[in-house]
Amino acid sequence: MDLRGSVLFLAIILIVETCFVVANGNFVFQVERPKMRLGLSDVRARDDRRRDRILSAVDLNLGGNSQPTKTGLYFTKLGLGSPPKDYYVQVDTGSDILWVNCVDCARCPKKSDIGIDLTLYDPKESKTSELVPCDHEFCSSTYDGPIPGCKADIPCPYSITYGDGSATSGYYVQDYLTFNHVSGNLNTAPQNSSVFFGCGNVQSGTLGSSSDEALDGIIGFGQANSSVLSQLAASGKVKKIFSHCLDNAKGGGIFAIGEVVEPKVKTTPLVPRMAHYNVNLKDIEVGSDILQLPTDIFDSGSGKGTVIDSGTTLAYLPSMVYDQLISKVLAAQPELKLYLVEQQFTCFEYTGDIDDGFPVIKFHFEDSLSLTVYPHDYLFLFKGDIWCIGWQKGVSQSKNGRDMTLLGDLVLSNKLVVYDLENMAIGWVDYNCSSSIKVKDEKTGTVYTVGAHNLSSASTFLIRRILTFFVLLIPVLNCLTN
(Lines give C-alpha, C1' and ligand atoms only; values in the text may rest on other atoms or scores of the structure.)
Protein backbone atom coordinates (compact mmCIF):
# COMPACT_ATOMS: atom_id res chain seq x y z
CA MET A 1 0.00 0.00 0.00
CA ASP A 2 1.37 3.44 -0.95
CA LEU A 3 1.28 5.68 2.12
CA ARG A 4 2.95 8.75 0.63
CA GLY A 5 -0.27 10.70 0.47
CA SER A 6 -1.83 9.32 3.62
CA VAL A 7 -2.36 11.06 6.92
CA LEU A 8 -1.08 9.03 9.84
CA PHE A 9 -1.73 9.79 13.46
CA LEU A 10 -2.11 7.97 16.69
CA ALA A 11 -3.81 8.94 19.95
CA ILE A 12 -4.28 7.06 23.17
CA ILE A 13 -7.80 7.24 24.51
CA LEU A 14 -8.43 5.98 28.01
CA ILE A 15 -11.94 4.56 28.21
CA VAL A 16 -13.53 3.14 31.34
CA GLU A 17 -15.43 -0.13 31.12
CA THR A 18 -15.73 0.14 27.33
CA CYS A 19 -13.66 -0.31 24.23
CA PHE A 20 -13.47 1.09 20.74
CA VAL A 21 -13.32 0.12 17.16
CA VAL A 22 -11.50 3.22 15.89
CA ALA A 23 -12.37 6.76 14.99
CA ASN A 24 -10.35 9.50 13.34
CA GLY A 25 -6.72 8.50 13.34
CA ASN A 26 -4.24 6.09 11.92
CA PHE A 27 -2.19 3.87 14.16
CA VAL A 28 -3.90 2.34 17.17
CA PHE A 29 -2.79 0.36 20.21
CA GLN A 30 -5.17 -0.86 22.89
CA VAL A 31 -4.00 -0.12 26.40
CA GLU A 32 -5.77 -1.85 29.24
CA ARG A 33 -5.95 -1.20 32.94
CA PRO A 34 -6.83 -4.03 35.33
CA LYS A 35 -9.66 -3.35 37.77
CA MET A 36 -8.07 -3.95 41.16
CA ARG A 37 -8.50 -2.26 44.51
CA LEU A 38 -5.47 -1.47 46.65
CA GLY A 39 -5.00 -0.57 50.28
CA LEU A 40 -3.44 2.81 50.96
CA SER A 41 -0.24 1.20 52.20
CA ASP A 42 -0.03 -0.75 48.93
CA VAL A 43 -0.22 2.50 46.97
CA ARG A 44 2.57 4.06 49.02
CA ALA A 45 4.71 0.92 48.69
CA ARG A 46 4.23 0.89 44.93
CA ASP A 47 5.18 4.56 44.68
CA ASP A 48 8.25 3.87 46.84
CA ARG A 49 9.37 1.22 44.36
CA ARG A 50 8.85 3.67 41.50
CA ARG A 51 10.87 6.37 43.24
CA ASP A 52 13.64 3.83 43.84
CA ARG A 53 13.73 3.31 40.10
CA ILE A 54 13.96 7.07 39.53
CA LEU A 55 17.12 7.14 41.61
CA SER A 56 18.62 4.58 39.24
CA ALA A 57 17.50 6.72 36.29
CA VAL A 58 15.67 3.80 34.81
CA ASP A 59 11.99 3.29 35.39
CA LEU A 60 8.79 5.21 36.05
CA ASN A 61 5.43 3.72 35.18
CA LEU A 62 2.72 5.48 33.26
CA GLY A 63 -0.30 5.62 35.58
CA GLY A 64 -3.95 6.11 34.88
CA ASN A 65 -6.70 6.72 37.41
CA SER A 66 -5.34 8.97 40.13
CA GLN A 67 -7.55 7.62 42.90
CA PRO A 68 -5.11 6.10 45.43
CA THR A 69 -7.49 3.26 46.31
CA LYS A 70 -7.37 1.87 42.76
CA THR A 71 -4.44 0.41 40.86
CA GLY A 72 -2.65 2.73 38.43
CA LEU A 73 -1.17 0.06 36.20
CA TYR A 74 -1.72 0.53 32.48
CA PHE A 75 -0.51 -1.74 29.72
CA THR A 76 -0.81 -1.96 25.96
CA LYS A 77 -1.15 -4.87 23.58
CA LEU A 78 1.49 -4.83 20.84
CA GLY A 79 2.02 -7.07 17.84
CA LEU A 80 5.62 -8.22 17.33
CA GLY A 81 7.13 -10.37 14.61
CA SER A 82 5.94 -11.88 11.33
CA PRO A 83 3.33 -13.22 11.63
CA PRO A 84 2.62 -10.89 14.56
CA LYS A 85 1.88 -12.23 18.02
CA ASP A 86 0.32 -10.22 20.84
CA TYR A 87 2.37 -9.04 23.81
CA TYR A 88 1.16 -7.04 26.81
CA VAL A 89 3.68 -4.43 27.91
CA GLN A 90 3.57 -1.74 30.54
CA VAL A 91 3.38 1.86 29.30
CA ASP A 92 6.27 3.70 30.92
CA THR A 93 7.28 7.38 30.65
CA GLY A 94 10.37 6.87 32.78
CA SER A 95 12.27 4.20 30.85
CA ASP A 96 13.43 4.17 27.25
CA ILE A 97 13.50 0.84 25.48
CA LEU A 98 10.83 -1.63 24.51
CA TRP A 99 11.64 -5.09 25.84
CA VAL A 100 9.70 -8.34 26.14
CA ASN A 101 10.40 -11.67 27.81
CA CYS A 102 11.95 -14.18 25.43
CA VAL A 103 11.63 -17.91 24.95
CA ASP A 104 15.06 -18.66 26.44
CA CYS A 105 14.23 -16.89 29.71
CA ALA A 106 14.64 -19.10 32.77
CA ARG A 107 12.93 -16.93 35.40
CA CYS A 108 10.28 -15.02 33.49
CA PRO A 109 6.75 -14.95 34.93
CA LYS A 110 4.51 -17.75 33.69
CA LYS A 111 1.16 -16.29 34.73
CA SER A 112 -0.51 -13.02 35.65
CA ASP A 113 -3.51 -12.26 37.84
CA ILE A 114 -4.79 -9.38 35.69
CA GLY A 115 -6.63 -11.58 33.21
CA ILE A 116 -4.10 -11.84 30.37
CA ASP A 117 -2.12 -14.69 28.84
CA LEU A 118 1.63 -14.12 28.91
CA THR A 119 3.64 -14.90 25.77
CA LEU A 120 7.37 -15.42 25.35
CA TYR A 121 8.86 -13.89 22.19
CA ASP A 122 10.69 -16.44 20.03
CA PRO A 123 12.95 -14.85 17.36
CA LYS A 124 13.02 -18.14 15.44
CA GLU A 125 9.24 -18.06 14.94
CA SER A 126 9.33 -14.67 13.25
CA LYS A 127 10.31 -14.47 9.58
CA THR A 128 11.51 -10.88 9.98
CA SER A 129 13.44 -11.13 13.26
CA GLU A 130 17.13 -10.27 13.13
CA LEU A 131 19.69 -10.49 15.91
CA VAL A 132 21.44 -7.15 16.47
CA PRO A 133 25.22 -7.71 16.67
CA CYS A 134 27.32 -5.69 19.09
CA ASP A 135 29.09 -3.91 16.22
CA HIS A 136 25.78 -2.64 14.80
CA GLU A 137 25.32 1.14 14.57
CA PHE A 138 22.27 1.00 16.86
CA CYS A 139 24.30 -0.80 19.53
CA SER A 140 27.17 1.69 19.33
CA SER A 141 24.82 4.67 19.55
CA THR A 142 22.94 3.14 22.50
CA TYR A 143 26.16 2.70 24.46
CA ASP A 144 27.80 5.93 23.20
CA GLY A 145 30.57 4.02 21.48
CA PRO A 146 31.91 0.54 20.70
CA ILE A 147 31.45 -2.19 23.30
CA PRO A 148 34.84 -3.44 24.61
CA GLY A 149 35.63 -6.95 23.36
CA CYS A 150 32.91 -6.85 20.74
CA LYS A 151 33.06 -9.43 17.96
CA ALA A 152 30.73 -9.74 14.99
CA ASP A 153 28.98 -12.86 16.32
CA ILE A 154 28.24 -11.40 19.76
CA PRO A 155 24.72 -9.94 20.19
CA CYS A 156 24.18 -6.40 21.44
CA PRO A 157 23.30 -6.69 25.14
CA TYR A 158 20.89 -4.71 27.28
CA SER A 159 20.78 -4.66 31.06
CA ILE A 160 18.76 -2.56 33.49
CA THR A 161 18.99 -2.70 37.28
CA TYR A 162 16.34 -0.87 39.26
CA GLY A 163 16.71 0.75 42.66
CA ASP A 164 14.34 -1.79 44.23
CA GLY A 165 16.67 -4.64 43.24
CA SER A 166 14.68 -5.83 40.22
CA ALA A 167 16.62 -6.33 37.02
CA THR A 168 16.18 -7.30 33.40
CA SER A 169 18.82 -8.25 30.86
CA GLY A 170 19.09 -9.86 27.47
CA TYR A 171 19.96 -8.83 23.94
CA TYR A 172 18.58 -6.60 21.19
CA VAL A 173 16.68 -7.85 18.17
CA GLN A 174 15.11 -6.03 15.23
CA ASP A 175 11.63 -6.97 14.12
CA TYR A 176 8.27 -5.56 13.07
CA LEU A 177 6.06 -3.72 15.53
CA THR A 178 2.44 -4.05 14.34
CA PHE A 179 -0.46 -1.71 15.08
CA ASN A 180 -3.75 -0.75 13.45
CA HIS A 181 -3.60 1.89 10.74
CA VAL A 182 -6.77 3.96 10.50
CA SER A 183 -7.62 4.10 6.81
CA GLY A 184 -10.81 6.09 7.28
CA ASN A 185 -13.58 6.81 9.72
CA LEU A 186 -14.23 3.60 11.64
CA ASN A 187 -11.95 1.65 9.27
CA THR A 188 -8.59 0.16 10.17
CA ALA A 189 -5.88 -1.90 8.51
CA PRO A 190 -2.82 -3.45 10.14
CA GLN A 191 0.51 -1.73 9.46
CA ASN A 192 3.99 -2.25 10.83
CA SER A 193 7.38 -0.62 11.26
CA SER A 194 10.74 -2.22 11.96
CA VAL A 195 12.12 -1.34 15.42
CA PHE A 196 14.90 -2.41 17.74
CA PHE A 197 13.83 -3.87 21.08
CA GLY A 198 15.15 -5.98 23.92
CA CYS A 199 14.73 -9.74 24.11
CA GLY A 200 14.82 -10.48 27.84
CA ASN A 201 16.27 -13.78 29.01
CA VAL A 202 17.14 -12.98 32.65
CA GLN A 203 14.69 -11.34 35.06
CA SER A 204 14.95 -10.90 38.82
CA GLY A 205 13.01 -9.33 41.66
CA THR A 206 9.42 -8.32 40.90
CA LEU A 207 10.08 -8.67 37.16
CA GLY A 208 10.88 -12.35 37.55
CA SER A 209 7.86 -13.44 39.53
CA SER A 210 4.31 -14.33 38.60
CA SER A 211 2.09 -11.78 40.30
CA ASP A 212 -0.97 -9.61 39.94
CA GLU A 213 1.12 -7.11 37.92
CA ALA A 214 3.10 -9.55 35.74
CA LEU A 215 3.31 -8.54 32.06
CA ASP A 216 5.27 -9.51 28.96
CA GLY A 217 7.52 -6.45 29.16
CA ILE A 218 7.71 -2.66 29.09
CA ILE A 219 7.46 0.00 26.38
CA GLY A 220 9.35 3.14 27.34
CA PHE A 221 8.44 6.71 26.37
CA GLY A 222 11.71 8.19 27.67
CA GLN A 223 14.02 10.61 25.90
CA ALA A 224 16.85 8.29 24.81
CA ASN A 225 17.52 7.42 21.17
CA SER A 226 16.74 3.77 21.93
CA SER A 227 13.04 4.41 22.64
CA VAL A 228 10.45 3.41 20.05
CA LEU A 229 9.30 7.04 19.91
CA SER A 230 12.86 8.22 19.17
CA GLN A 231 13.34 5.50 16.54
CA LEU A 232 10.16 6.51 14.73
CA ALA A 233 11.07 10.20 15.03
CA ALA A 234 14.59 9.60 13.67
CA SER A 235 13.09 7.92 10.59
CA GLY A 236 10.77 10.90 10.09
CA LYS A 237 7.58 8.97 10.89
CA VAL A 238 6.51 10.96 13.97
CA LYS A 239 7.15 14.24 15.70
CA LYS A 240 8.84 13.75 19.04
CA ILE A 241 5.88 15.09 20.99
CA PHE A 242 3.37 13.23 23.13
CA SER A 243 0.68 14.21 25.59
CA HIS A 244 -1.75 12.70 28.06
CA CYS A 245 -4.93 13.77 29.82
CA LEU A 246 -6.17 11.70 32.77
CA ASP A 247 -9.73 12.04 34.02
CA ASN A 248 -9.88 11.14 37.72
CA ALA A 249 -13.67 11.47 37.80
CA LYS A 250 -14.60 9.06 35.01
CA GLY A 251 -11.30 7.20 34.79
CA GLY A 252 -10.87 8.04 31.13
CA GLY A 253 -8.68 10.41 29.17
CA ILE A 254 -6.42 10.86 26.17
CA PHE A 255 -2.83 10.00 25.28
CA ALA A 256 -1.60 11.32 21.92
CA ILE A 257 1.63 11.35 19.97
CA GLY A 258 1.94 14.38 17.68
CA GLU A 259 1.34 18.12 17.78
CA VAL A 260 -1.74 19.25 19.69
CA VAL A 261 -3.17 22.49 18.30
CA GLU A 262 -6.19 22.74 20.58
CA PRO A 263 -6.25 23.43 23.44
CA LYS A 264 -3.29 25.80 23.50
CA VAL A 265 -0.69 24.77 26.06
CA LYS A 266 1.92 27.00 27.71
CA THR A 267 5.26 25.30 28.44
CA THR A 268 8.29 25.43 30.73
CA PRO A 269 11.80 24.21 29.77
CA LEU A 270 12.87 20.68 30.63
CA VAL A 271 16.10 20.47 32.59
CA PRO A 272 18.66 19.28 30.02
CA ARG A 273 20.61 16.03 30.23
CA MET A 274 18.22 14.36 32.67
CA ALA A 275 16.99 10.78 32.37
CA HIS A 276 13.47 11.80 33.35
CA TYR A 277 11.19 14.78 32.84
CA ASN A 278 12.65 17.30 35.29
CA VAL A 279 11.56 20.94 35.49
CA ASN A 280 12.52 24.05 37.45
CA LEU A 281 10.01 24.69 40.24
CA LYS A 282 10.31 28.24 41.62
CA ASP A 283 7.80 28.47 44.46
CA ILE A 284 4.51 27.15 45.86
CA GLU A 285 1.44 29.19 46.72
CA VAL A 286 -1.21 27.92 49.16
CA GLY A 287 -4.32 30.04 48.98
CA SER A 288 -2.80 33.50 48.65
CA ASP A 289 0.36 32.75 50.66
CA ILE A 290 3.73 31.89 49.13
CA LEU A 291 5.60 29.29 51.18
CA GLN A 292 8.73 30.73 52.78
CA LEU A 293 11.44 28.30 51.63
CA PRO A 294 15.21 28.38 51.02
CA THR A 295 15.99 29.60 47.50
CA ASP A 296 17.78 26.36 46.62
CA ILE A 297 15.13 23.94 47.91
CA PHE A 298 14.10 23.07 44.34
CA ASP A 299 17.58 23.34 42.84
CA SER A 300 17.77 21.29 39.65
CA GLY A 301 21.49 20.62 39.83
CA SER A 302 22.97 17.13 40.25
CA GLY A 303 19.85 15.32 39.17
CA LYS A 304 17.49 17.16 41.50
CA GLY A 305 14.75 19.44 40.22
CA THR A 306 11.11 18.44 40.15
CA VAL A 307 10.16 15.21 38.37
CA ILE A 308 6.88 15.10 36.43
CA ASP A 309 5.67 11.49 36.45
CA SER A 310 2.18 10.33 35.54
CA GLY A 311 3.14 6.83 36.66
CA THR A 312 3.33 7.77 40.34
CA THR A 313 -0.05 7.88 42.04
CA LEU A 314 0.62 10.48 44.73
CA ALA A 315 2.86 13.57 45.03
CA TYR A 316 6.03 13.74 47.14
CA LEU A 317 7.58 16.87 48.63
CA PRO A 318 10.76 17.60 50.61
CA SER A 319 10.13 17.52 54.36
CA MET A 320 10.39 21.28 54.81
CA VAL A 321 7.98 21.92 51.94
CA TYR A 322 5.55 19.24 53.10
CA ASP A 323 5.38 20.56 56.67
CA GLN A 324 4.60 24.12 55.59
CA LEU A 325 2.09 23.09 52.94
CA ILE A 326 0.12 20.74 55.20
CA SER A 327 0.09 23.32 57.99
CA LYS A 328 -1.49 25.93 55.72
CA VAL A 329 -3.96 23.46 54.22
CA LEU A 330 -5.22 22.37 57.64
CA ALA A 331 -5.30 25.95 58.96
CA ALA A 332 -8.39 26.44 56.81
CA GLN A 333 -10.27 24.04 59.13
CA PRO A 334 -8.62 24.32 62.59
CA GLU A 335 -11.35 22.29 64.33
CA LEU A 336 -10.69 19.10 62.37
CA LYS A 337 -9.80 15.96 64.28
CA LEU A 338 -6.96 14.23 62.44
CA TYR A 339 -6.46 10.49 62.06
CA LEU A 340 -3.42 8.57 60.88
CA VAL A 341 -4.53 5.81 58.50
CA GLU A 342 -2.16 2.87 57.88
CA GLN A 343 0.63 4.78 59.65
CA GLN A 344 1.18 7.24 56.82
CA PHE A 345 -1.97 9.02 55.57
CA THR A 346 -3.36 12.05 57.39
CA CYS A 347 -7.16 11.82 57.30
CA PHE A 348 -10.17 13.59 58.80
CA GLU A 349 -13.96 13.58 58.78
CA TYR A 350 -15.53 16.35 56.70
CA THR A 351 -19.11 16.66 55.42
CA GLY A 352 -18.91 19.97 53.57
CA ASP A 353 -17.77 20.85 50.06
CA ILE A 354 -14.00 20.35 50.10
CA ASP A 355 -13.45 22.84 47.29
CA ASP A 356 -15.10 25.51 49.44
CA GLY A 357 -13.41 24.45 52.66
CA PHE A 358 -9.75 24.08 51.63
CA PRO A 359 -7.26 26.25 49.70
CA VAL A 360 -6.17 25.96 46.07
CA ILE A 361 -2.45 25.22 45.68
CA LYS A 362 -0.35 26.60 42.82
CA PHE A 363 3.09 25.44 41.74
CA HIS A 364 5.00 28.16 39.88
CA PHE A 365 7.62 27.07 37.33
CA GLU A 366 10.17 28.71 35.08
CA ASP A 367 8.75 30.93 32.29
CA SER A 368 5.68 31.80 34.39
CA LEU A 369 3.94 28.45 33.99
CA SER A 370 1.70 27.49 36.89
CA LEU A 371 0.18 24.17 37.90
CA THR A 372 -3.09 24.61 39.80
CA VAL A 373 -4.11 21.84 42.20
CA TYR A 374 -7.62 21.98 43.60
CA PRO A 375 -8.80 20.44 46.88
CA HIS A 376 -10.70 17.74 44.97
CA ASP A 377 -7.35 16.81 43.39
CA TYR A 378 -5.18 16.56 46.52
CA LEU A 379 -7.88 15.22 48.88
CA PHE A 380 -9.43 11.82 48.26
CA LEU A 381 -12.39 10.08 49.84
CA PHE A 382 -11.25 7.07 51.86
CA LYS A 383 -14.65 5.85 53.06
CA GLY A 384 -17.85 7.40 54.32
CA ASP A 385 -17.08 11.04 55.14
CA ILE A 386 -13.39 10.35 55.81
CA TRP A 387 -11.05 12.32 53.54
CA CYS A 388 -7.29 11.78 53.29
CA ILE A 389 -4.49 14.05 52.13
CA GLY A 390 -2.64 12.85 49.05
CA TRP A 391 0.48 14.92 49.62
CA GLN A 392 3.31 12.78 50.98
CA LYS A 393 6.59 13.56 52.66
CA GLY A 394 9.42 12.37 50.45
CA VAL A 395 11.65 9.72 52.01
CA SER A 396 13.79 8.90 49.01
CA GLN A 397 16.63 11.25 48.24
CA SER A 398 18.42 12.30 45.09
CA LYS A 399 22.06 11.46 44.48
CA ASN A 400 23.24 14.63 46.20
CA GLY A 401 21.50 13.54 49.40
CA ARG A 402 18.60 15.96 49.20
CA ASP A 403 14.89 15.26 49.11
CA MET A 404 13.32 14.78 45.72
CA THR A 405 10.16 16.57 44.55
CA LEU A 406 7.97 14.25 42.50
CA LEU A 407 4.56 15.21 41.12
CA GLY A 408 2.37 12.28 40.12
CA ASP A 409 -1.24 11.66 39.10
CA LEU A 410 -2.47 13.50 42.18
CA VAL A 411 -1.64 16.83 40.52
CA LEU A 412 -1.59 15.82 36.84
CA SER A 413 -5.17 14.59 36.55
CA ASN A 414 -7.74 16.70 34.72
CA LYS A 415 -4.96 18.40 32.79
CA LEU A 416 -3.64 17.96 29.28
CA VAL A 417 0.11 17.47 29.75
CA VAL A 418 2.30 17.91 26.66
CA TYR A 419 5.88 16.57 26.43
CA ASP A 420 7.52 18.51 23.59
CA LEU A 421 10.89 16.85 23.05
CA GLU A 422 11.34 18.72 19.78
CA ASN A 423 11.80 21.90 21.82
CA MET A 424 12.78 20.29 25.17
CA ALA A 425 9.75 21.64 26.98
CA ILE A 426 6.77 20.39 28.93
CA GLY A 427 3.48 22.10 29.59
CA TRP A 428 -0.10 21.63 30.73
CA VAL A 429 -3.50 23.22 30.89
CA ASP A 430 -6.61 22.45 32.94
CA TYR A 431 -8.86 20.40 30.68
CA ASN A 432 -11.89 18.15 30.49
CA CYS A 433 -10.15 14.88 29.78
CA SER A 434 -13.36 13.15 28.71
CA SER A 435 -13.80 15.60 25.83
CA SER A 436 -11.57 15.91 22.74
CA ILE A 437 -8.38 17.52 21.48
CA LYS A 438 -7.31 18.63 18.01
CA VAL A 439 -4.11 17.39 16.35
CA LYS A 440 -2.39 18.66 13.24
CA ASP A 441 -1.15 16.88 10.12
CA GLU A 442 2.24 18.52 9.58
CA LYS A 443 2.26 17.95 5.82
CA THR A 444 -1.21 19.15 4.85
CA GLY A 445 -1.99 21.39 7.80
CA THR A 446 -5.29 19.56 8.28
CA VAL A 447 -6.56 19.53 11.86
CA TYR A 448 -8.27 16.41 13.21
CA THR A 449 -10.41 15.99 16.30
CA VAL A 450 -9.64 13.07 18.61
CA GLY A 451 -12.06 12.48 21.44
CA ALA A 452 -12.68 9.78 24.02
CA HIS A 453 -16.46 9.95 23.65
CA ASN A 454 -16.33 9.56 19.87
CA LEU A 455 -14.23 6.44 20.17
CA SER A 456 -16.16 4.87 23.03
CA SER A 457 -19.40 5.30 21.12
CA ALA A 458 -18.01 2.88 18.54
CA SER A 459 -17.59 0.12 21.12
CA THR A 460 -17.97 -3.48 20.05
CA PHE A 461 -16.79 -5.29 23.17
CA LEU A 462 -16.28 -4.67 26.87
CA ILE A 463 -12.97 -4.43 28.69
CA ARG A 464 -11.82 -3.23 32.10
CA ARG A 465 -9.89 -0.03 31.33
CA ILE A 466 -8.64 1.03 27.95
CA LEU A 467 -6.25 3.52 26.48
CA THR A 468 -6.23 3.84 22.71
CA PHE A 469 -3.07 5.05 21.08
CA PHE A 470 -3.37 7.34 18.09
CA VAL A 471 -0.12 8.68 16.78
CA LEU A 472 0.08 11.69 14.54
CA LEU A 473 2.52 10.34 11.98
CA ILE A 474 4.15 12.50 9.35
CA PRO A 475 3.65 10.97 5.88
CA VAL A 476 7.17 9.93 4.91
CA LEU A 477 9.18 7.63 2.71
CA ASN A 478 7.19 5.22 0.56
CA CYS A 479 5.46 3.04 3.12
CA LEU A 480 5.88 1.41 6.51
CA THR A 481 5.80 -2.11 5.18
CA ASN A 482 8.10 -3.92 2.79
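In this text, all values refer to a predicted model and were calculated from it rather than measured experimentally.

Draft legend 1. Examining empty space enclosed by the protein more closely. One pass over the structure, following the stated rule, counts 5 cavities of 30 Å³ or more. Lining the second largest cavity are Leu 80, Gly 81, Pro 83, Lys 85, Tyr 87, Tyr 121, Asp 122, Glu 125 and Ser 126. Residues of the lining of the second largest cavity, tallied by class, amount to 4 nonpolar, 2 polar and 3 charged.

Draft legend 2. Spotlight on the pairing of strand S24 (residues 379-383). Here 4 bridges tie S24 to strand S25 (residues 386-389), and the two strands are oriented antiparallel to one another. The partner of Leu 379 across the bridge, within S25, is Ile 389. What sits between S24 and S25 in their antiparallel hairpin is a turn of 2 residues, with Gly 384 showing a positive phi close to 60°.

Draft legend 3. Structural view of the nonpolar core. Of all hydrophobic cores here, the largest spans 69 residues; its most connected members are Ile 284, Leu 325, Phe 363 and Trp 391. Of the residues forming this core, the biggest block, 6 residues, is contributed by helix H4 (residues 319-330). Those residues in contact with Phe 363, other than ones at most four positions away along the chain, are Leu 281, Asp 283, Ile 284, Leu 317, Leu 369, Ser 370, Leu 371, Val 373, Trp 391 and Leu 407.

Draft legend 4. Broad picture of unusual backbone geometry. Of note, the amide linkage connecting Ser 82 to Pro 83 takes the cis form, showing an omega dihedral of -5°. Following Glu 262, the chain continues into Pro 263 via a peptide bond in cis, with omega recorded as 10°.

Draft legend 5. Geometry of the state of the cysteines. Applying the stated criterion across every chain yields a total of 6 disulfides. For Cys 105, the disulfide goes to Cys 108, at an S-S distance of 1.9 Å. Here Cys 105 and Cys 108 share a disulfide; its torsion about the S-S bond, 100°, makes the bridge right-handed. With a sulfur-sulfur separation of 2.1 Å, Cys 139 is cross-linked through a disulfide to Cys 156. Here Cys 139 and Cys 156 share a disulfide; its torsion about the S-S bond, 90°, makes the bridge right-handed. A residue pair is termed long-range when its members are at least 10 positions apart, and Cys 139 in helix H2 (residues 137-142) and Cys 156 in the loop between H2 and strand S7 (157-161) qualify at 17 residues.

Draft legend 6. Up close: the sheet that holds S25. With antiparallel pairing, the 4 strands of this open sheet are ordered in space as S20-S21-S25-S24. If you trace the sheet from one side to the other, it starts and ends with strand S20 (338-341) and S24, each paired once. The average undirected angle you get between the axes of adjacent strands in this sheet is 40°.

Here is what the cut-offs are and how they apply
- Residues numbered from 1 in each chain as written.
- Predicted model: local features only at pLDDT ≥ 70, side-chain atom pairs only at ≥ 80, totals over all residues.
- Heavy atoms only, no water.
- 1 Å grid on protein atoms, 1.4 Å probe; cavity = no way out; pocket = protein on both sides within 12 Å on 5 of 7 lines; lining within 4 Å.
- Points joined across faces, edges and corners; volume = space filled by probe spheres on them.
- Nonpolar A, V, L, I, M, F, W, Y, C, P; charged D, E, K, R; others polar.
- Pairing = 2+ DSSP bridges.
- Helix = DSSP H or I, 4+ residues; strand = E, 2+ residues; numbered from the N terminus.
- Core = buried A, V, L, I, M, F, W, Y, C linked by side-chain atoms within 4.5 Å.
- Buried < 20%, exposed > 50% of the residue type's maximum accessible area, 1.4 Å probe, protein only.
- Contact = heavy atoms within 4.5 Å.
- Disulfide = S-S within 2.5 Å.
- Axes fitted to C-alpha atoms, helices over the stretch in contact; angles between N-to-C directions.

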